[in-house]
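Topology and contacts: notes
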Amino acid sequence: MYDINHIYEAKSVEDAVRLRMEQPQATIIAGGSDLLISIRAGDLAGCDLISIYMIDELRGVSLDDDGTIRIGSLTSFAALTKDDIIQKHVPVLGEAADKVGGPQIRNIGTIGGNTCNGVTSADTASTLMAYDAIIELTGSEGKRLVPIEEFYLGAKRVDLRPDEIQSAILIRPESYQGYEGYYYKYAMRGAMDIATSGCSVNVKLSEDKKTIVDARICYGVAGPIPMRTRSAEQAVKGLPVSKETVEAFAAGALQDVNPRTSWRATKEFRLHIQGELARRCLTESINRAGGVWS
Amino acid sequence: MEVGKCLKRVDAFDKVTGRAKYTDDMCPKHAYVTRILHSTIAHGRVLSIDTSEAEKIEGVVKVLTCFDVPDIPFPTAGHPWTTVPAHQDVADRKLLNEHVRHYGDEVAAVVAEDYVAADRAIRALKVEYEEYPFVIDPIEAAKEGAPVIHPERQDNNILAHSDIRIGNYQEAIKEPGLIKVEGWYYTPTVQHAHIENHICYAYQEQGGRMTVVTSTQIPHIVRRVVAQALGWSWGKVRIIKPYVGGGFGNKQDALYEPLCAWLSLQVGGHPVKLDVSREETFVNNRVRHAMPCHIISWVRPDGTFAARKFELWSDQGAYASHGHSVAGKALGSYPQIYPCDNIEADAWTVYTNKPTAGAMRAYGMPQATFHNECHVEEIVTKLNLDPVEFRRKNSMPVGYYDDFSKNELYHDSFNDCLDKAIELIDYDRKFELYKNQTGPVRRGIGTSLFWYNTAVWPISIETSSCRMIMNQDGSIQLMTGETEIGQGCDTVFAQMAADTVGLKVEDVHVVTNQDTDVTPYGAGAYASRQTYVGGFAIKQTGELLKEKILGHAHTLTRMPVDILDIVEGNIVRKTDNRVLMSLGELATKILYDFELSEHMAAESTYSVKSNAYSFGVSIAEVEVDIPLCKVELLNIVNVHDCGILINPPLAEAQVHGGMSMGIGFGLYEELLVDKKTGRVLNDNLLDYKLCTTMDHPDLMVDFAENPEPTSPFGTKALGEPPACSPAPAIRNAILHATGVAINSLPINPHKLFAAFTEAGLFETL
Ligand SMILES: Cc1cc2nc3c(=O)[nH]c(=O)nc-3n(C[C@H](O)[C@H](O)[C@H](O)COP(=O)(O)OP(=O)(O)OC[C@H]3O[C@@H](n4cnc5c(N)ncnc54)[C@H](O)[C@@H]3O)c2cc1C
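Calculation criteria
- Residues numbered from 1 in each chain as written.
- Chains lettered and ligands numbered in written order.
- Predicted model: local features only at pLDDT ≥ 70, side-chain atom pairs only at ≥ 80, totals over all residues.
- Heavy atoms only, no water.
- Helix = DSSP H or I, 4+ residues; strand = E, 2+ residues; numbered from the N terminus.
- Rg over C-alpha atoms; globule rule 2.2 N^0.38 Å.
- Buried < 20%, exposed > 50% of the residue type's maximum accessible area, 1.4 Å probe, protein only.
- Contact = heavy atoms within 4.5 Å.
- Areas by Shrake-Rupley, 256 points an atom, 1.4 Å probe, with all protein chains shown as cover.
- Lys, Arg positive; Asp, Glu negative; His and termini not counted.
- Charge placed at Lys NZ, Arg CZ, Asp CG, Glu CD.
- Core = buried A, V, L, I, M, F, W, Y, C linked by side-chain atoms within 4.5 Å.
- Near = heavy atom within 4 Å.
- Polar contact = N/O pair within 3.5 Å; in protein donor to acceptor, adjacent residues only side chain to side chain.
- Nonpolar A, V, L, I, M, F, W, Y, C, P; charged D, E, K, R; others polar.
- Salt bridge = Lys/Arg side-chain N within 4 Å of Asp/Glu carboxyl O.
- 1 Å grid on protein atoms, 1.4 Å probe; cavity = no way out; pocket = protein on both sides within 12 Å on 5 of 7 lines; lining within 4 Å.
- Points joined across faces, edges and corners; volume = space filled by probe spheres on them.
- Domains from an automatic or database assignment.
- Buried area = accessible area lost by both parts, 1.4 Å probe.
- Arc of directions from axis to C-beta.

**Points about the overall build of chain B**
- Of regular secondary structure, chain B possesses 20 helices and 27 strands.
- Since a compact globule built from 765 residues should have a radius of gyration of about 27 Å, the 27 Å found for chain B is in line with a globular shape.
- Projected onto the principal axes, the alpha-carbon positions of chain B cover approximately 90 × 75 × 50 Å.
- A burial count over chain B gives 64% of its 765 residues as buried.
- Relative to all contacts within chain B whose residues are 6 or more apart in sequence, the contacts with residues 24 or more apart total 80%.
- Counting every atom, chain B has about 27400 Å² of accessible surface; 52% of that belongs to carbon and sulfur.
- Distance between charge centroids for chain B: 1 Å, based on 70 positive and 99 negative side chains.

Set out below in structure tokens:
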């Protein structure tokens, strides 16, 4: 039995925005797979909720005319993984979503909730950040677009204004065309776990597949929010596809990450794993892109 | 014959369709609910609890604190009672405790109309504590000057110590040419994590008697403990046990039934439900004893033992529960599996300010098996011997006899099991193939033996009762004191009863719900005892019933009894196999006959005065990704000699479950306690890394069916044994793959990182 005072059911995005303004004390609930945990723990006892879960217009993936991939915020992990557009253009995002929890959670959990929850371990967040995704927020004054790196303000804090909901996540064509990526979720067991560290890498290779034109890397659980390690990205741009390049990439990544020791893992262990993940994810991304090793 | 057949479980249909009723399904809707307030210090005293705000909350019925409970310390362990005071379980806790002995100890309870009210009331309670220093390491806790956890006991935290002395250790080590092998081995605190958390509800009826409906493994024992805790006479308490969603030993303790009964009394006997959360299951139920063990072996170059020394520390946590019985069992196992003429072995069970340890599947043996099998592997490595040959040569020989339990190794069980396991997993080829690997990803294969007792004789009584009631249609109702908790005993009992009386198994109706008002006495589900012990009572009672039936058959058919038999529910004349009448005809006639009328039933108690060795082996094959500090379990096989299988698929399922637990113990699970506060850090299934189906290979199982001569059905322990040997087999496989010996469980990536770093393995890649 959950200690919930009242639930307001939004019928449309406008309705949700109106409820946001009328009930400023209320919290948005989508799939509830993060929120209900907090309510059960007593953190939000007696809360008011605005449910957006029935707003079907927020579900599904589509391609805009300019090639932008538009992911509705209520799209579930399972739907994301199975989606044709995702499989064709950013399969790594579908694979990352498929690493979440177990089948039940992948059916109820949404990509909007995964990002708005503001945690560093969120399995889709590092891939979205590694693809320079744009967060679309809808409020009383219409839509606002924020790059995902700016959307994350700090642990459990995102740039969501009191009258807004997150309506979609966008990936621009220049961010995904020609890129191949790979995500590794490092966890203590094969399912139903939160990442000890996650790493998402993608690369764009030269025409002859021998040189790295661009590489991007983002970690989960390397800091309070998902973290791009730009030293790694800079280090390999223009370098040949080789073992040395992979090593330079890992060394660059380790310059930027700043994991903490907690009871869940020591800093030394996290650093070791993060270095190894950079190597494996870059190697696998290059292989997926048809890279020719020297 | 029904015994030995692959029969469907008697409860399969009800469980699959959701008709099987568990405790919560039976609880009346108007029952009050309960929440418990847990201490936020590890050790100290409750000075005061301000309940005034909590009592004002709408829906709160009553708030009760440690200052309200009866001043009656009681024991919780699920052991049969003994009339010998020195052997009685330690009574060291009250219903709620003013003296707080671990972080999360129970200090107050709220009874309310619903959980929202109860939770709000819990948050509104204000507690003032006096804090004492605390200790969470058993070896530290046993030292002079450690914080005393039970000052009422004059034992400085050492709940008990026991020892074994064989030959003369000090003299034996003087033999020239001996090689000394020494190590410390550590097994962590883990929890049972059964699916159905503990739950019970209590109410008064029938002139003040107290009924508790509960998810328990031990209804008759719980009745006694509830009565003791309330200071009542035992007959006034009634325990009902519906279907149970697993227990693994955690429910072999009176967990909350005494408190729930007392809470109901405080609200006029109204039904009160106590439904424990997963967090409470981890912190306030029972856990497996963590056990560090120090072993020294003096070995001759040919790999035979000259002398051995064991020092075992058992982490009891805050309250005695099963106490030293667990370490005692572990200690007793060391000299038996690898016999040696000179042994010095000591075990200490020590209180710490941690969750209470109690019974958990295999009761100290997974710990002892890990200690000993790691150590043996160290000997093998140091002396460059073959691990399997060493085990064949040094393990308990055929004909071995233990003077205390009177157990004997009648068959060549270890070799039988090893031979099968080796073939199933293709051991010999892989063992050679995986020698001297280099590179970041390596494979290995490792072995472990174990032995186990069946039931607890001669430490405790092994008494089991059975009642069979004949229906007019020739079927019977079967009641035993033994408890179905998911393991399948109702099904094997039905098979045994069918064969003894001469019925088809579908004509045996097992009364699965137990009610201490009507269920005959039995000790319950623990010690892998029920199939063995229950078998004696069923056989004896079935024969009594059969005698009665044949007596009536003689009257009705005028044939001499000795040429009559009961076969598949018919009275048969043995001389020509003619069916003379069906049991249904006989039973109807006998019940309704003006002259002969009798309601046919039989009841008897059997007190078993024997025990039986059960044996087995695990072989595990792993792949170790060294840079990622990850182990993948590729294959694992368990082969058991548990005597004759009563129902092969049920036996196999039992082994699967035990192996899974062993895998968790080996690679994943550990309950972590914060050194600064004493708080359990991972009291939930996210942070407590129970392994998932994704972490299991297909589990291979086989049996060496050597009949157990003492059992009427040739059977012996299988419930707990499968959990004993997987972890050391996995550990030995990792050693084989990497050359790195890890002596502390679980072997998770954190441990591997530290061990590989220390061994300098990363630099060699
Ligand atoms: C058993 C279990 C396993 C899990 N395993 C994983 C895992 O492996 N990996 C992982 O990343 N996560 C995991 N999670 C966490 C969770 O499922 C995900 O974070 C999920 O994406 C949350 O989505 P939701 O729709 O359920 O969010 P909710 O719980 O409904 O909301 C989460 C937060 O986001 C806000 N919010 C949600 N949608 C919007 C919106 N459109 N606009 C504005 N604010 C919004 C809510 O107010 C709330 O603060 C697990 C959870 C459980 C219970």
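**Quick word on the nonpolar core**
- Counting residues in hydrophobic clusters, the biggest one holds 140 residues, and the most contacted among them are A:Tyr186, A:Ile217, A:Phe249, B:Ile619, B:Ile663, B:Ile730 and B:Ile734.
- Ranked by the residues each element gives to this core, the list is headed by helix 18 (residues 648–668) of chain B, at eight residues.
- Contact partners of A:Phe249, with chain neighbours within four places excluded, come to A:Val201, A:Ala215, A:Ile217, A:Ala232, A:Glu233, A:Val236, A:Ala278 and A:Leu282.
- Of all hydrophobic cores here, the second largest spans 61 residues; its members include B:Ala108, B:Tyr129, B:Ala202 and B:Leu230.

**With respect to the site of the ligand**
Residue and element names in this part refer to chain A.
- Taken together, 33 residues surround the ligand, and among them Ile28, Ser33, Asp34, Thr110 and Asp123 come closest.
- Within the side chain of lysine 185, one N or O atom sits 2.8 Å away from an oxygen atom of the ligand.
- When the ligand sits alone it has 990 Å² of accessible area, and the protein chains cover 89% of it.
- Those elements giving two or more residues to the shell around the ligand turn out to be strand 2 (27–29), helix 2 (35–40), helix 7 (111–116) and strand 10 (165–171).
- The element best represented in the shell around the ligand is helix 7, accounting for four residues.
- Classifying every residue of the shell around the ligand gives 15 nonpolar, 13 polar and five charged.

**What to know about the pattern of salt bridges**
All names here are of chain B.
- Evaluated as defined, the whole model comprises 71 salt bridges over all chains.
- A salt bridge links aspartate 315 to lysine 354, with the nearest nitrogen and oxygen atoms 2.4 Å apart. Here the residue aspartate 315 occupies a position in strand 14 (residues 305–317), and lysine 354 occupies one in the loop between strand 15 (343–351) and helix 11 (365–382), the gap between them amounting to 39 residues. Taken individually, aspartate 315 and lysine 354 each receive the classification buried, so the pair is uniform in this respect.
- Here aspartate 426 makes a salt bridge to arginine 429, at a shortest N to O gap of 2.7 Å.

**Overview of empty space enclosed by the protein**
All names here are of chain B.
- Scanning the model with the defined rule gives seven cavities of 30 Å³ or more in all.
- Of the pockets and cavities examined, the largest cavity occupies roughly 160 Å³.
- What lines the largest cavity is a set of 18 residues, among which Arg93, Glu106, Leu255, Asn284 and Arg286 lie closest to the centre.
- Put simply, the parts of the chain that give the lining of the largest cavity at least two residues each are helix 8 (257–266) and helix 9 (278–284).
- Residues of the lining of the largest cavity, tallied by class, amount to eight nonpolar, five polar and five charged.
- When its volume is computed, the second largest cavity comes out at roughly 60 Å³.
- For the second largest cavity, the full set of lining residues is Ser333, Ile337, Met365, Ala368, Thr369, Asn372, Glu373, Leu449, Phe450 and Trp451.
- Listed by contribution, the elements that provide at least two residues to the lining of the second largest cavity are helix 10 (324–337), helix 11 and strand 16 (441–452).
- Broken down by element, the lining of the second largest cavity gets its largest block of residues, five residues, from helix 11.

**Examining the domain arrangement of chain B**
Residue and element names in this part refer to chain B.
- As far as domains go, chain B holds domain 1 (12–132 + 198–275), domain 2 (291–457 + 610–764) and domain 3 (463–607).
- Residue-level contacts link 21 residues of domain 1 with 19 residues of domain 2.
- Here domain 1 and domain 2 share an interface that buries about 1500 Å² over both sides, 55% of which is from carbon and sulfur atoms.
- Per-residue buried area on domain 1 facing domain 2 is highest for His102, Tyr103 and Phe248; these three make up 36% of the total on that side.
- Between the two partners, domain 1 and domain 2, sit zero salt bridges.

**Thoughts on helix 17 (residues 583–592) of chain B**
Residues and elements named next belong to chain B.
- Among the residues of helix 17, Leu583, Gly584, Leu586, Ala587 and Ile590 are the ones counted as buried. For helix 17, the buried positions fall inside an angular range of 160 degrees around the axis, keeping them on one side.
- Tucked into the core, helix 17 has its buried residues touching strand 17 (463–470), helix 16 (530–557), strand 21 (564–567), strand 22 (570–573) and strand 23 (578–582).

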